[in-house]
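Working through the structure, step by step
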Amino acid sequence: MTDTQALIENRPPSVATLFLERVEATPDADAYRYPVPAPSGRGPDTWHTLSWGESAQRVYAIAAGLIDLGVLPEERIAMAASTRVEWILADLGVLCAGAATTTVYPSTSADETAFILADSGSKVLIAENAAQLAKARDRRAELPELAHVVVIETADATAAEGDPDGWVVSLAELERRGAAHLEKNPECVRERVAAIRADQLATLIYTSGTTGRPKGVRLPHDCWSYMARAIEATDLVTSDDVQYLWLPLAHVFGKVLTAGQISVGHVIAVDGRVDKIIENLPVVQPTYMAAVPRIFEKVYNGVAAKARAGGSAKYKIFQWAAEVAREYAKVSQDNFRRTGTASVPFGLGAKHAVADKLVYAKLREAFGGRLRAAVSGSAALAPEIGFFFAGAGIHILEGYGLTETSAASFVNPGEAYRTGTVGKPLPGTEVRIAEDGEILLRGPGVMQGYHGQPEKTAEVLEPDGWFHTGDIGELSADGYLRITDRKKDLIKTSGGKYVSPAEVEGQFKAVCPYVGSILVHGADRNFCTALVSLDEPAIMAWAKEHGLDGKSYSDVVASQQAEELIGGFVQEVNQGLQRWQTIKKFRVLPRDLDIEHGELTPSLKLKRPVVEREFKHLIDDMYAGSREA
């Protein structure tokens, strides 16, 4: 048995056990860093640190507080909060009490929040603030199993603690009650942890439904224990790393990172405020971070737009440097694949050195100057953007997984990463490609099933453990997986030709620095069309330089100039596509797509059916007058 096999096969039954082991092994090492805003919001945040030992004190107090409230093993504790250190501590407290966390995005509507609380049978809700509390309070009559709401924001909790039945308590009060409970029963938390079974429910994550109600994905303790050990076995992260975590912890991608951190023992700097990412990076100086493609796309667009705003000479330098970066990355990755050495010809290396001084070094500084690697997941990263960052020294390791597979089924292997693929399966995960190209997965990370929906479970999970992902992919001879599309998203035109919208969209994102989102449409139509939204900072900077200064965003995106600008990029992309793939018509949307309108998931993934419904009139207009209309 190899060391990797031993590490995984001898895993403990739960992450709660791993947490106790981590605290015992490195009690004084830093575990979490988190920002505390300046009074009145003036001035920079102050970053505080919790050691593993200090974290354990709070985790045990939360766990004991839940036990004091009467919470039993496997009972669900819902969490409705943004990414913050209290989310992690509370989640660990839930796990150490032997209970199970039901995750709720803070952006979830009151109606859907009530559905999740009821469907999961959650006994306690840990709510971030008054807004999240209100979602439960307004539906309290419909939630008879919800015995308590614990509010993180102390001021909001204090205002609500006037409930005569003590339905609302603050997190601080829960911890005080837990500390008192521990004085009377000092072993209560350890006893709960020791009693956890590997197959016991740990997390219930509701998938973002684009049609109908979301489904609750049941992930037992063993899923997270396996993921924690498998991440450690990849050697992609070490105990010396500093990870910047901003991803939603209600999402499986964010959640799996916390499991891996406990096994490895590195530091996490946690702050879910997306608008603070650019500001935080130079402060946190991460060596490792995970993100979704939209973040890298926005950074790329921002750099390109800034260069363009600097005048034609500066923009030409950027364009030249971008092409050098892509060529450098492609050549070095190809040579590494063939020879094991990422060498490049002397001339290309010389050009790269010049471009590094002019462009790449500044880009790396914007990421904090110490970033060793970034992991991208949740959706496909346009390969040309991936090659750009790789050539600039920002190594993006694409990975792949689903909520139903605990997030991390594949990841690119360090130096041997290949842009455009999602790498190799994690140790212990099996993969095969079905006859129709669908990716099937089997392993300890696969869910138990959908909560209370055996029929839905049977549709995707075979009796022998193979899970149908719904994604189409290809495996290379040496085991690298390339995702080509969602099975249900493949377009078949009325002419019988298949089109991968993700492939066309990725190519457009690589050439157009102003795109916010793009959706290619064409199923059962005789040609493809596109809906394009524009990134506000990037397009407004362009507008200022092109006679539209002073105009509003809505005026700019509706202008003839903007349409001609995007039309040029559409023509550029079409030149590299097969005839049936080309975008014949497009419409610029009046606003960028967002979470608030339900067009993006909280992990910034495009919800195609929602967008197509919302902008059906624009799609219909593009096909009006064609032979099929």
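Residue indices begin from 1 for each chain and proceed along its sequence in written order. Local features in this predicted model are restricted to residues of pLDDT 70 or higher, and side-chain atom pairs are both shown and tallied only at a pLDDT of 80 or more, whereas totals for entire chains, interfaces and linings draw on every residue. The basis for every side-chain value is the complete set of heavy atoms in the structure, and neither hydrogens nor water enter the calculation.

1. Overview of the overall build of the protein
Defined as follows: Working definition: helices are DSSP H or I runs of at least four residues, strands are E runs of at least two. Numbering for both runs from the N terminus. For the radius of gyration, the atom set is restricted to C-alpha positions; the globular benchmark scales as 2.2 Å times the number of residues to the power 0.38. Only protein chains enter the calculation, and the probe is 1.4 Å; a residue is then buried if its accessible area is under 20% of its type maximum, exposed if over 50%, and partly exposed in between. Note on contacts: a residue pair qualifies if any of its non-hydrogen atoms lie within 4.5 Å across the two residues. Counted as positive: Lys and Arg. Counted as negative: Asp and Glu, with His and the chain ends omitted from the count. Note that the charge is assigned to NZ on lysines, CZ on arginines, CG on aspartates and CD on glutamates.
Along its length, the protein carries 23 helices and 26 strands. Rg of the C-alpha trace for the protein: 25 Å, near the compact-globule value of 25 Å for 629 residues, within the 12% margin. Taken over the C-alpha atoms alone, the protein extends approximately 75 × 60 × 55 Å along its principal axes. Expressed as a percentage of its 629 residues, the buried residues of the protein come to 55%. Put simply, of all contacts in the protein between residues at least 6 apart along the chain, 67% involve residues at least 24 apart. In the protein, which carries 67 positive and 82 negative side-chain charges, the distance between the mean positions of the two groups comes to 5 Å.

2. Section: the sheet that holds strand S24 (residues 515-521)
Stated formally: Two strands pair if DSSP finds at least two bridges between them. Every angle, taken between N-to-C directions, lies between 0 and 180 degrees, and every axis is a line fitted to C-alpha atoms, over only the stretch in contact when it is a helix.
Sheet architecture is open: three strands sit in the order S24-S25-S26, paired in mixed fashion. The open sheet has two free edges, formed respectively by S24 and strand S26 (583-588), since each of these has just one partner strand. Adjacent strand axes in the sheet meet at a mean angle of 25° when their direction is disregarded. The pairing of strand S25 (residues 528-534) with S26 spans five bridges and is parallel. Note on S26: the bridge partner recorded for Thr529 is Lys585. In the packing of helix H21 (residues 560-574) onto the sheet, the strands contacted are S25 and S26, and the crossing angle to S26 comes to about 150°.

3. Some words on a nonpolar patch on the surface
Formally: Patch membership needs two things, relative accessible area over 30% and no salt bridge, and members are linked within 9 Å if like-charged or within 5 Å if nonpolar (Val, Leu, Ile, Met, Phe, Trp, Tyr). Using a 1.4 Å probe, accessible areas were evaluated by the Shrake-Rupley method; residue-level cover was limited to the displayed protein chains. We define a salt bridge as a contact between a side-chain nitrogen of Lys or Arg and a carboxyl oxygen of Asp or Glu at a distance within 4 Å.
There is a patch of nonpolar side chains on the surface, built from Ile317, Trp320, Val354 and Leu358 and spanning about 330 Å² of accessible area. Elements represented by at least two residues in the nonpolar patch include exactly helix H14 (312-339) and helix H15 (346-366). For Trp320, the position within the fold is in helix H14.

4. As for helix H5 (residues 110-120)
Put simply, the test is: In this description, one arc is meant: the one made by directions from the helix axis to the C-beta atoms.
Listed in full, the buried residues belonging to H5 are Thr113, Ala114, Ile116, Leu117 and Ser120. Projected down its long axis, H5 carries its buried residues within an arc of 160°, all on one side. Summarising the contacts, the buried residues of H5 are in contact with strand S3 (76-80), strand S4 (100-104), strand S5 (124-127), helix H6 (130-137) and strand S8 (201-206). In the stretch just after H5, Gly121 is the one whose phi turns positive, near 65°.

5. Concerning the state of the cysteines
Linking two cysteines covalently via their sulfur atoms produces the bond known as a disulfide. Rules: Note on terminology: pairs of cysteine sulfur atoms within 2.5 Å are recorded as disulfides.
Taken as a whole and assessed by the stated rule, the structure comprises zero disulfides. Cys188 takes part in no disulfide bond, and the closest cysteine sulfur, belonging to Cys96, lies 11 Å away. Cys512 provides the cysteine sulfur closest to Cys528, a residue in no disulfide bond, and the two sulfurs are 18 Å apart. Its relative accessible area of 0% is what places Cys528 among the buried residues.

6. Remarks on the nonpolar core
Rules: Here, nonpolar core refers to any group of buried Ala, Val, Leu, Ile, Met, Phe, Trp, Tyr and Cys residues whose side-chain atoms link them within 4.5 Å.
Formed by 137 residues in total, the largest nonpolar core has its most connected members in Phe19, Tyr32 and Phe389. If you look at the next biggest cluster of nonpolar residues, it comprises 31 residues, including Ala305, Val515, Tyr553 and Phe586.

7. Looking at the pattern of salt bridges
Inspection of the entire model under this criterion finds 40 salt bridges. The partner of Arg273 in a salt bridge is Asp271, with the nearest N and O atoms 2.8 Å apart.

8. Some remarks on helix H13 (residues 293-309)
Which entries qualify depends on this criterion: Every helix has an expected span of 1.5 Å times one less than the residues it contains.
Between its first and last C-alpha atoms H13 spans 24 Å; for 17 residues at 1.5 Å apiece the expected length is 24 Å, and the two agree. Those residues of H13 lying buried are Pro293, Arg294, Ile295, Phe296, Glu297, Val299, Tyr300, Asn301, Ala304, Ala305 and Ala307. A positive backbone phi angle near 110° is found at Gly311, which sits one or two residues after H13.

9. Some points on the environment of Leu69
Of note, Leu69 is situated in the loop between helix H3 (52-68) and S3. Taking the C-alpha atoms as reference points, Leu69 and Gly178, separated by 109 residues in sequence, lie 9.2 Å from one another.

10. Side note on the sheet that holds S8
Strand order in this open sheet of eight strands is S7-S6-S5-S3-S4-S8-S9-S19, and the pairing throughout is mixed. Two strands close off the open sheet at either side, each with one partner strand: strand S7 (168-170) and strand S19 (449-450). Where S4 meets S8, three bridges bridge the pair, whose relative direction is parallel. Paired with Thr102 across the bridge in S8 is Leu204. Packed on one face of the sheet, H5 meets S3, S4, S5 and S8 and runs near 150° to S8.

11. Describing the environment of His546
Checked against the element boundaries, His546 lands in the loop between helix H19 (536-545) and helix H20 (553-557). Residue class for His546 comes out partly exposed when judged on its relative accessible area of 37%. Separated by 479 residues in sequence, His546 and Ile67 have C-alpha atoms that sit 63 Å apart.

12. What about the packing of helix H10 (residues 221-234) against helix H11 (residues 252-264)?
Selection criterion: Note that the term roughly parallel is reserved for angles under 35 degrees, roughly antiparallel for angles over 145, roughly perpendicular for angles of 65 to 115, and oblique for everything else. Put simply, a crossing is left-handed when the front helix is turned counterclockwise from the back one by less than a right angle, and right-handed when it is turned clockwise. Polar here means any residue outside two lists: the nonpolar Ala, Val, Leu, Ile, Met, Phe, Trp, Tyr, Cys and Pro, and the charged Asp, Glu, Lys and Arg; Gly therefore counts as polar.
Closest axis-to-axis distance for the H10/H11 pair is 8 Å, and the angle between their directions is 65°. Viewed along their axes, H10 and H11 adopt a mutual orientation that is roughly perpendicular. Viewed along their axes, H10 and H11 form a crossing whose handedness is right-handed. Contacts between H10 and H11 pair Trp224, Met227, Ala228, Arg229, Ile231 and Glu232 from the former with Val252, Lys255, Val256, Ala259, Gly260, Ser263 and Val264 from the latter. Residues of the contact of H10 with H11, tallied by class, amount to eight nonpolar, two polar and three charged.

13. Some words on the packing of aromatic side chains
Two aromatic rings are characterised by how far apart their centres lie and by the angle between their planes. Stated precisely, the cut-off is as follows: Here the aromatic set is Phe, Tyr and Trp, taking the six-membered ring for Trp, and pairing holds for ring centres within 6.5 Å; pairs whose planes are under 30 degrees apart are stacked, those over 60 apart are edge-to-face, and all others are tilted. Criterion for a charge above a ring: Lys NZ or Arg CZ within 6 Å of the ring centre, and within 35 degrees of the ring normal.
Enumeration over the complete set of coordinates arrives at 14 aromatic pairs. Here Tyr300 and Phe318 contribute two aromatic rings whose centre-to-centre distance is 6.2 Å and whose plane-to-plane angle is 50°, an arrangement assigned as tilted. Linking Tyr300 in helix H13 with Phe318 in helix H14, this pair joins segments that are 18 residues apart in sequence. With respect to burial, Tyr300 and Phe318 carry one shared label: buried. Taken together, a centroid distance of 6.1 Å and an interplanar angle of 55° make the contact between Tyr514 and Phe569 tilted. With Tyr514 in the loop between helix H18 (501-511) and S24 and Phe569 in helix H21, this pair connects stretches of sequence that are 55 residues apart. Judged by its relative accessible area of 9%, Phe569 falls in the buried class. Among the aromatic side chains, those forming a connected cluster through ring pairs are Phe296, Tyr300, Tyr315, Phe318, Phe367, Phe388 and Phe389. The ring of Trp224 has Lys255 lying over it, and the distance from NZ or CZ to the ring centre is 4.4 Å. We note Arg418 situated over the ring of Tyr480; from NZ or CZ to the ring centre the distance is 3.6 Å.

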